[in-house]
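A closer look at the structure
Below are the chains, spelled out letter by letter.
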Amino acid sequence: MSATLEQVKVTVETAKELGLLPEEFEKIKEILGRTPNFTELSIYSVMWSEHCSYKNSIVWLKKLPKDGPHMLAKAGEENAGLVDIGDGLACAFKIESHNHPSALEPYQGAATGVGGINRDIFTMGARPIAQLNSLRFGNLKSDRTKWLIKGVVKGIGDYGNAFGVPTVGGEVFFDDCYNTNPLVNAMSAGIVKVGETVSAISYGEGNPVFIVGSATGKDGIHGAAFASKDITEDSANDLPAVQVGDPFQEKLLLEATLEVIKTGAVVGMQDMGAAGIACSTSEMSAKGKHGMIIHLDKVPARQEGMKPYEFLLSESQERMLIVVKKGREEEVKKVFEKWDLNCSQIGEVTKSDRLKFYMHGQLVADVPAASLVLGGGAPVYHREYTEPAYFAETKKFNINQVKEPIDLKEVAKFLLAHPNIASKKWVYEQYDSMVGTVNMSTNFPSDAALINIKGTNKAIALTIDCNSRYIHADPETGCAIAVAEAARNIVCSGGLPSAITNCLNFGNPYNPEVYWQFVGAIKGMGKACTKFKTPVTGGNVSFYNQSSSVGKAGGNVSNAVFPTPTIGMLGILPNKKSATTLAFKNAGDKIYLIGERVEDINCSEYLYSYHGVKLSPAPYFDLDKEYDMQQILIKVIEKGLIQSAHDVSEGGVFIALAEAAMPNKLGFDILTDSEIRQDAFLFGESQGRVIVSVSKKHDDAFVDMMVKSKIPFIVLGEVTKKGKFVIDDETYMTVEEATNIYDNALEKLITE
Amino acid sequence: MRFGVVTFPGSNCDHDMIYVLRTIMGQEVESLWHKDKDLKGCDFIVLPGGFSYGDYLRSGAIARFSPIMEKVIEHANKGGYVMGICNGFQILCESGLLPGALLHNNNQRFICKNVFIKAASKDALVTKHIPKNEVLKIPIAHGEGRYYTDEKTIKQLKENNQILFHYCDEQGNVTKESNPNGSLENIAGVCNSGKNVFGMMPHPERAADEVLNNTDGKLIFESILNIINV
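Residues numbered from 1 in each chain as written. Chains lettered and ligands numbered in written order. Predicted model: local features only at pLDDT ≥ 70, side-chain atom pairs only at ≥ 80, totals over all residues. Heavy atoms only, no water.

**A word on the overall build of chain A**
The number of helices and strands found in chain A is 25 helices and 25 strands. Relative to its length of 752 residues, chain A is compact, with a C-alpha radius of gyration of 26 Å against a globular reference of 27 Å. Taken over the C-alpha atoms alone, chain A extends approximately 85 × 55 × 45 Å along its principal axes. Evaluated residue by residue, chain A yields a buried proportion of 67% over its 752 residues. At a minimum sequence separation of 6, the contacts of chain A that also span at least 24 residues come to 85%. Within chain A, one finds 76 positive and 92 negative side-chain charges whose respective centroids are separated by 4 Å. (Helix = DSSP H or I, 4+ residues; strand = E, 2+ residues; numbered from the N terminus. Rg over C-alpha atoms; globule rule 2.2 N^0.38 Å. Buried < 20%, exposed > 50% of the residue type's maximum accessible area, 1.4 Å probe, protein only. Contact = heavy atoms within 4.5 Å. Lys, Arg positive; Asp, Glu negative; His and termini not counted. Charge placed at Lys NZ, Arg CZ, Asp CG, Glu CD.)

As structure tokens, then:
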């Protein structure tokens, strides 16, 4: 059979050029029983890249909790996790990175990230109903950062807006560590009827295989392998590895895909993202334990003269691979014709376990499907890890090393204007947040985005969280905080935390200090997810987010971005009446702080940016106490005892109060705790705290319930009408002044 | 009375419009497909928001040539009701059913946020039953929404009471600051001289469901229905 294969000589040098290790080349030869040809080697190089195989991370990912009472599809089983939300409905949701393309071509990089994550959702048969994103950039004083943020935001907007799914939430964070490597993580959530999902699977000898959607071009070739490299000065040469997106095609593909599923003629379907046809054919075949014959010349092409490996590796966007029940081809073709999309049969399912790719009748690659994929033949590595020196340094910080500033008003204004805290209005107003008429948070601001599930009593809550500075300071505690904060946001909004998806952005895994950060983060995430009963439904790993390092084993942990394991969490509101806003509602309502009070400024924006102390431990955090605090909050919300709830996070109590006061142009009058330094009380970021407001009518019942719960809480003061922010009898500013600073700071920094 | 909501490839507010008309307003609604060659007996045609045919050339520029638009234009010319929201407004301007054009927002960015508008006259079906000086909070979401026309036309629009809505502030003052996109004279919506074709950039269908905590847009649908159902 292999006698007809093209005989271009490949050597270990070719393998190295494609990003494979010499031992991986040996393994491929062993699997095939011969030396691979160039096309085959290309397939292995992308399928065994970190992006597709998770070879350097899977050992640890497997330790994360996967089981939950509502899980319908667990991590790794499908393109996205699937959670039962009741009423016969399920929510498919996932987050994915598009960091490397966005670093080179921010507009297309970010746009295709949005396209890719939505395809992961609708390829399962779920209609996407909400999108979120998490963006990280370097110093805003640099022109490159301004260029990146403008391009990324426009890319996400142009793609997501045209696609017609609202962008309902997200985060934007700035730090010098992201100067070279910005992070662009996109998340999507969709709804599907239980039992009407489609699997990424192929079986049934003789069933035809179709490619649908856009034609295939040379864009994005070796994109997956590119995403598995450090960014260097030469990265611009990889520009063809960045794909180009067409949201109009994606919108048509969405409607056609959901329509074709209804015909019942589909066996299995997978979208084409990283590693294109090579990846979809091998993953679907391996899962269904069948093989395929594919004629690459039958793939609609954008240009002439494309080579077999180019067809196989192209990451042209807006395409799907569909295996159809034999005899029902016409039903499928009719749907795609209606939507004016390509729909071409390119091969069929075979009984063997091999993928055979032909070009004009000539066999060009012949590989066992299972040998390519995670859980099959793809390599699995245990990487070594060592504690970096900086970790011990963080422990040396003591609050007494920092003098309390005389003018705390100035600090308050500094923080309100800090890009990590100030309103992200400049960003989110460029996204259509209301299409679909399900976003309940537009006129009712809440910590997590609340999404109405039409036709039911339910809503879902979605949030995306990660303070990477905490994770850098202490990966294990920091990542547990990220999960806890996500849960806190869901609970504050009236929801019950249900499950998470994660996007693990780290430096070079071959660097033991980077890998130590990765291992710590996974441990912390596992602990917190177990505590909150929020299983990990899947996600994505993005390594190599660092500037040039010497070879694979080289580099320095300080060249890497902060370890950034972004947590996307889904929560459920069984009754949408429990929806809770973060905004103060009425003057005269009492303001309470729930949770432990600790004199702690560790890792706060205040310490890091105002005082310039770059190394300190993660903020105070106690997982059990946090969990207990959230449980009582769920109860007081259920009983309808509070008017608003807002979690204390970046910027501390002061910023939480200001954010609660601004939406309805109210003020507050509060007293700080005399036992704690005033700066620590106002600006410290110790975890497990929430600010709530309570009307006079419910005050007794609220206090009664809190006292019985034994969860610490204090009354801070009350909501006031005139819009002054008064702390310890001193007026800090008016709500107009605060809003003016908070709303305009980011735009000023970006456009000046 | 039957409403017909047209779906062009790339329309993305068609489902929202159908939901509001059918589920919230309790009306009979027919989905119309861009390749359709008849209006299925509908009396009131709605062109919803979105990015018809991708809008890569100029918003609404291609949609006007679709088979359904031939029928919509015929319907309008016979005095039938047609309303375009956002991309629908752009399509109506491109097809000549409404005067003027919608240019790129003056900040050159897509803008999605709540804005305030108020009815400019009570002459047209969509504004007739909106209380005088009532300020409506309605969202916008567009990159090309800056209304523009020549001086002569603007004069005619005023003389014939063809301006439907102005952008204003929360108190109802029509100011430069309350103009989100640089539209000429804060114009947010207009109608034709026959007062049977309406276009507006803000999305009333996004402000019609109680669960979203803003039902100001319902007033526009109620205004339409009060007349029609009489």
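**Digging into the overall build of chain B**
Within chain B, the regular secondary structure consists of five helices and eleven strands. Compactness check: chain B gives a C-alpha radius of gyration of 16 Å against a globular reference of 17 Å for 230 residues, within 12% of the reference. Overall, the C-alpha framework of chain B stretches about 45 × 35 × 35 Å when taken along its three principal axes. Counting only contacts in chain B whose residues sit at least 6 apart along the sequence, the fraction spanning at least 24 positions is 76%. Between the centroid of the 24 positive side chains of chain B and the centroid of its 26 negative side chains there is a distance of 3 Å.

**Considering helix α21 (residues 623-638) of chain A**
Quick reminder: α-helices carry 3.6 residues per turn. Residues three or four places apart thus point the same way. All names here are of chain A. Taking 1.5 Å per residue, 16 residues should reach 22 Å; α21 reaches 23 Å between its end C-alpha atoms and fits that length. Burial in α21 covers these residues: Leu 623, Glu 626, Tyr 627, Met 629, Gln 630, Ile 632, Leu 633, Ile 634, Val 636 and Ile 637. Residues of α21 that are buried sit in contact with α18 (475-492), β16 (496-505), α19 (512-532), β19 (590-594), β22 (690-694) and α24 (696-709). With a side-chain oxygen lying 3.1 Å from the backbone nitrogen of Asp 624, the N-terminal cap of α21 falls on Asp 622. At the C-terminal side of α21, Gly 640 shows a positive phi close to 70°. (Expected span 1.5 Å × (residues − 1). Polar contact = N/O pair within 3.5 Å; in protein donor to acceptor, adjacent residues only side chain to side chain.)

**Here's the deal with the confidence of the model for chain B**
Within chain B, residue pLDDT values average 95, and 98% of them lie at 70 or more. Listed scores for the predicted complex are pTM 0.95 and ipTM 0.96. (pLDDT = per-residue confidence, 0-100.)

**A look at the environment of A:Arg328**
All names here are of chain A. You can see Arg 328 is positioned in the loop between β10 (319-324) and α13 (329-338). Residue class for Arg 328 comes out partly exposed when judged on its relative accessible area of 26%. Note: C-alpha distance between Arg 328 and Thr 263 (65 residues apart in sequence) is 9.2 Å. Aside from chain neighbours lying at most four places away, what touches Arg 328 is Thr 263, Gly 264 and Ala 265. Only 3.3 Å separates the side chain of Arg 328 from the backbone oxygen of Gly 264, close enough to count as a polar contact. At a separation of 2.9 Å, a polar atom in the side chain of Arg 328 contacts the side chain of Glu 331.

**Points about the interface of chain A and chain B**
With 36 residues of chain A at the contact, the number on the chain B side is 32 residues. Buried surface at the junction of chain A and chain B, summed over both partners, amounts to about 2700 Å²; 57% is from carbon and sulfur atoms. Among the residues chain A hides against chain B, the three largest losses belong to A:Phe248, A:Thr437 and A:Asn443. Together they make up 23% of the total. Of all the elements in the fold, those that place two or more residues in the side of chain A that touches chain B are α8 (143-163), α10 (247-262) and α13 of chain A. Residue contributions to the side of chain A that touches chain B peak at five residues, all from α10(A). Residues belonging to the side of chain A that touches chain B are distributed by class as follows: 13 nonpolar, ten polar and 13 charged. (Buried area = accessible area lost by both parts, 1.4 Å probe. Nonpolar A, V, L, I, M, F, W, Y, C, P; charged D, E, K, R; others polar.)

**Examining the side chain of A:Lys146**
The topology assignment puts A:Lys146 in helix α8. No salt bridge is formed by the buried A:Lys146, whose closest oppositely charged neighbour, A:Asp143, lies at an N-O distance of 4.4 Å. (Salt bridge = Lys/Arg side-chain N within 4 Å of Asp/Glu carboxyl O.)

**Observations concerning the sheet that holds strand β4 (residues 81-85) of chain B**
Residue and element names in this part refer to chain B. With mixed pairing, nine strands are arranged side by side in an open sheet as β2-β1-β3-β4-β11-β10-β9-β6-β7. Taken across any chain shown, the strands that pair with only one partner, and hence form the sheet edges, are β2 (28-33) and β7 (135-142). Strand after strand, the sheet turns through a mean of 25° between neighbouring axes, direction not considered. Relative to strand β9 (residues 163-168), strand β6 (residues 111-119) is paired through four bridges, and the arrangement is antiparallel. Along β9, the bridge assignment pairs Ile 117 with Tyr 167. (Pairing = 2+ DSSP bridges. Axes fitted to C-alpha atoms, helices over the stretch in contact; angles between N-to-C directions.)

**Description of the packing of helix α2 (residues 22-32) of chain A against helix α3 (residues 38-47) of chain A**
All names here are of chain A. Close contact between α2 and α3 brings their axes to 11 Å; oriented N to C, the two are set at 120°. Classified by the interaxial angle, the pair formed by α2 and α3 is oblique. The two elements α2 and α3 cross, and the hand of that crossing is right-handed. Contacts from Phe 25, Ile 28, Ile 31 and Leu 32 of α2 reach α3 at Glu 40, Leu 41 and Tyr 44. (Parallel < 35°, antiparallel > 145°, perpendicular 65-115°, else oblique. Left-handed = near helix turned anticlockwise from the far one by under 90°.)

**Notes on the sheet that holds strand β20 (residues 644-647) of chain A**
Residues and elements named next belong to chain A. Within the open sheet, the seven strands sit side by side as β20-β22-β19-β23-β21-β24-β25. Their pairing is mixed. Only two strands of the sheet have a single partner each, and these edge strands are β20 and β25 (730-734). Between one strand and the next, the sheet's axes are offset by a mean angle of 25°, whatever the strand orientation. Both β19 and strand β23 (residues 713-720) contribute to a ladder of five bridges, which runs antiparallel. Within the sheet, the bridge partner assigned to Tyr 592 lies in β23 and is Val 715.

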